[in-house]
Amino acid sequence: MDVKLDPSRDDLPLLANTGHILVKHYVLDLDVDFKSQIIEGSIVLFFEPGNRFKKQSSSIEETCQSESNEACKFRMPEPCHNPVTHTSTFSSKMGYDGFSVCGKGVKDTSGKDGNHDNWEQASGISSSKYCCDTGNHGSEDFLLVLDCCDLSVLKVEEVDVAAVPGIEKFARSPTLTVVSEELRNQIIRELVTLPADRWREQLDYYARCSQAPGCGELLFDTDTWSLQIRKTGTQAATDFPHAIRIRYRTKPQGRSVTWTSDQSGRPCVYTMGSPINNRALFPCQEPPVAMSTWQATVRAAASFVVLMSGENSAKPTQLHEGCSSWHYYVTMPMPASTFTIAVGSWAEMKPETCLSNDLATERSLSSSEADFRYVGVCGHMEYPCRFQNASATTQEIIPHRVFAPVCLKGACQETLLRLIPPCLSAAHSVLGTHPFSRLDVLIVPANFPSLGMASPHIIFLSQSTLTGMSHLCGTRLCHEIAHAWFGLAIGARDWTEEWLSEGFATHLEDVFWARAQQLAPREAQEQQELRACLRWRRLQDEVRNSPEEMQVLRPNKEETGCVSDSGSSVIKHGLNPEKAFMQVHYLKGYFLLRFLAKRLGDDTYFSFLRKFVHTFHGQLILSQDFLQMLLENIPEEKRLELSVENIFRDWLESSGIPQPLQRERGAAAACGLARRVSAEVAKWIRVNRRPRKRKRRETEEVFEKLLPDQLVWLLECLLEQKTLKPRTLQSLERTYHLPEQDAEVRHRWCELVVKHRYTKAYKDVERFLQEDQERSQPDSLSYIYSWPWWAQDPLTLDIKGRIMGLLRPSADSRGHVLVLLFPGAVPSRAQEKGASSRPWPPAPGCRVRAVALLWARGSSVTWTPGDMGALKPAHRSALIPSACGCSAVSLLPKVTEFVYTGTSEHLLWVISEGFCAIILICPLFRFFQNFSRFS
């Protein structure tokens, strides 16, 4: 497969040659150093040649033949005479020439300037290097390729597993008289194929083997996205060493982990998850087909708590004064992308009193709900499976713990702790056996870019979920719990089919939450209809404001799931910052599943879903696996015109709104909760139109109490009003106690405050920016980009200064750019012609002066001409340094002049005289998605 990337499209490469060899187990041994912001240690990989998903398509082939000699240049190992060098002294200008392959003094093996966004200088993503056959190709040595970036690889060696005492039990010979490569590989083959009931013995021998001495260094090289390893004279994957050790260290700017401070001001580090997953934490095989187990020993200062996505609830072991060790493991094979770690001064939160009875904590199951729970044999590779454990299948509430910074103890006890049992019980009542044996929930630092993230045995939640009533916390918790089944226990074989994870979790969160609250069926249906209405509005906005090609749920169509013979592939737009926060795969996936559930009936649909979970847990699936089984398990009379082909055509392989959904929403009558919101909106519009001095006989409006989702809809409707008077906003604030509501409601309230310049509530905006800036909604900061009045009065100038301080990225931020745009001295063309003074949008040709403050860290900020949006800079270099021009956090005040060309399809950075704005350019937020609210 010719793996060539288009940097303008932000493609994500998966280069590991999983078609030839698979990692079966990782053993990590790591030290966490907060002073240097480095994780350092070793990882031992145990291999098994071959891949059961290999050759899914014969149409995709490796293309490089003659270039293979040129493509793979390796350095021979030689004695290391370099002095021990601290990481901070590494030269950022070192390239490949002259690096060593052993010892602590090894130079940094990253690309030139340590910059992995410099596509021209990177050593070959688009070159022939990635076109070579990494399998057995003539007389060429076998090449092991691992996904790897932002790491300093120090040494790679073969592990002498034959030296482990007692290991002869895995060899065919009772005594190990002659140790050979073949014997070592035979031992590993026996070890990785031990039956599931011997998992403890297997983990023990993995640990022993990981501590065995090395028996020869291996040749290695690195480039932007991969680590390549070979052993001279080894021409086939079957002969390549089946156990190797890699010594390495992470980099402070590595994109798989975030070094920051928690809400109490204490240092911490945690894994970010997507888009690059864990390849900047340890060398690994990232493609989902590389399902493996792992065990890890992590050492840190004794004041820190280490949480990981392991099966066991680890306890610290004191090694020496001031240092503790934590050990975790998993026995269920999972993709490397699911590995998670969080190290910080977390405090375990325990309820001070008995849990409240306002939410169900236990619930008996009807026979119909349990129909598919104990049927059949598991279809996954062998491991200790909870679905075959009688006690596990009846466990409604799995053991769980809650961790958070100490300052959030009260909020966790008030909101989160009491919600976990009923949400877990509700999930069990819908889907059956919990795939994982325990659960940790961690409240992550404020700079976490999402409301939540699920990994095996651990969930990250944003502090934004803790404010207001329990609604936002409960729904988000249910969403992440749903990922235990869809996204983790059942994963997508092709990462482009994100709807198989997010669509299911979004659909199931409503079902789980209704059961957790013990709502009556009619009440549950009403609330779910209301949420469907809100999501319908969001989907329409999403489709209007996103590229068509990124609205397709199955973009690879008939090639979905296909990879090259080596196993490498490219995820189109995988690094696109917009894609990570697009809601299309959530919303269209949700509406598809809702459509199917309504067509089949809830009883039939959820009965099937339990059967599907039992059949496919522990496996990877494609869309057709789900759809084919669904259609096979429903009566003919309920299928009507449903077919896999029709669903692909209408829902998964087309952009825009699916036709069946348009017809359904067009014919749907508003639910009772939605009609109530419409009535309240009409009341507020009447209140806003009344003069200050009213007639004496005029009656006061009486407003109803609204649910959080109703409040969101109410405020979104009021945002469409051109003008709301200050007294209307004041009454609105007091009626619904808006500053005390959850983050979703306060988000809309802040938009109203900003749009209508309600200065009395600027404090609410300031608080929101400080506490809820990490929210995952793509338009969560859209309103802050368009404040045209900041330079008009002392109060707003003061607010501006304080908010600037809040928005300024800290030293742990990556990829943030803060730009202040001030009115220019040159009149706009519209004003020259006597046109309206309305500042947005300006006419083409308008000039504006800008003062820009740029914060950047390392090479994380990359600028291309396309990034400039609708503005053409007169002197681009005066404002923006080159992509690799900032090696540390810096403040660069510059002045330049822009000309609006009027050619941008997105209204990005469009300004004119009289317009003043803050623009926060950051990979985590979309620009101006909902600017129509302010035009």
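Residues numbered from 1 in each chain as written. Predicted model: local features only at pLDDT ≥ 70, side-chain atom pairs only at ≥ 80, totals over all residues. Heavy atoms only, no water.

Looking up the protein in an unreviewed UniProt entry gives the name Aminopeptidase O (putative), with the organism given as Equus caballus. The protein has a UniProt comment under Sequence similarities (unreviewed entry) that states "Belongs to the peptidase M1 family." (UniProt positions renumbered as here; feature names shortened; annotations may be inferred.)

**Q** Would you mind showing me how to read helix α19 (residues 743–755) here?
**A** Think of an α-helix as 3.6 residues a turn; residues three or four steps apart then line up on the same face. Relative to the 18 Å expected for 13 residues at 1.5 Å per residue, α19 spans 18 Å between its end C-alpha atoms, a close match to the ideal helical length. Counted residue by residue, α19 has 13 buried out of 13 residues, so it is predominantly covered. Capping of α19 at its N-terminal end is provided by Asp 742; its side-chain oxygen lies 3.0 Å from the backbone amide nitrogen of Glu 744. (Helix = DSSP H or I, 4+ residues; strand = E, 2+ residues; numbered from the N terminus. Expected span 1.5 Å × (residues − 1). Buried < 20%, exposed > 50% of the residue type's maximum accessible area, 1.4 Å probe, protein only. Polar contact = N/O pair within 3.5 Å; in protein donor to acceptor, adjacent residues only side chain to side chain.)

**Q** How should the side chain of Lys 588 be read in this particular structure?
**A** By the secondary structure assignment, Lys 588 is in helix α10 (residues 584–600). At 10 Å, Glu 548 is the nearest oppositely charged side chain to Lys 588, a buried residue that forms no salt bridge. Excluding its chain neighbours within four sequence positions, the residues that come into contact with Lys 588 are Leu 539, Gln 551, Leu 553, Trp 651, Ser 654, Ser 655, Gly 656 and Pro 658. (Lys, Arg positive; Asp, Glu negative; His and termini not counted. Salt bridge = Lys/Arg side-chain N within 4 Å of Asp/Glu carboxyl O. Contact = heavy atoms within 4.5 Å.)

**Q** I tried to follow the pairing of strand β12 (residues 291–301) on my own but got confused; where do I start?
**A** Remark: a regular strand shows side chains that alternate across the two faces of the sheet. Among the 11 residues of β12, 9 are classified as buried, and the element is accordingly described as predominantly covered. When strand β2 (residues 21–33) meets β12, the two strands line up parallel, connected through 7 bridges. Bridging from a neighbouring strand, Asp 29 pairs with Thr 297 of β12. Pairing analysis gives 10 bridges linking β12 to strand β15 (residues 323–335), with the strands arranged antiparallel. Across the sheet, the residue bridging to Arg 299 is Ser 325, located in β15. (Pairing = 2+ DSSP bridges.)

**Q** It is not clear to me how the environment of Phe 606 should be interpreted in this structure. Could you clarify?
**A** Assignment of secondary structure puts Phe 606 in helix α11 (residues 602–616). A relative accessible area of 11% places Phe 606 in the buried class. A C-alpha to C-alpha distance of 7.2 Å links Phe 606 and Val 430, two positions 176 residues apart in sequence. Residues in contact with Phe 606, not counting those within four places in the same chain, are Val 430, His 507, Leu 508 and Val 511.

**Q** Where do I start with the sheet that holds strand β19 (residues 439–443) in this structure?
**A** Two orientations exist for strands paired in a sheet by backbone hydrogen bonds: parallel and antiparallel. The mixed open sheet is built from 5 strands, whose spatial order is β17-β18-β19-β21-β20. Because the sheet does not close on itself, it has two edges, and the strands there are β17 (347–349) and β20 (452–455). Taken pair by pair, the neighbouring strands of this sheet meet at an average axis angle of 25°, ignoring direction. The sheet contact formed by β19 and strand β21 (residues 458–461) spans 4 bridges and is parallel. (Axes fitted to C-alpha atoms, helices over the stretch in contact; angles between N-to-C directions.)

**Q** Looking at this model, I keep getting lost on the sheet that holds strand β10 (residues 257–261). Mind explaining?
**A** On the basis of which strands lie adjacent, the open sheet formed by 4 strands has the order β10-β11-β16-β13 and antiparallel pairing. Every interior strand has two partners, whereas the edge strands, β10 and β13 (305–308), have only one. Adjacent strand axes in the sheet meet at a mean angle of 15° when their direction is disregarded. Bridge analysis of β13 against strand β16 (residues 341–344) gives 4 bridges, and the strand direction is antiparallel. Considered in β16, the bridge of Val 306 is made with Val 343.

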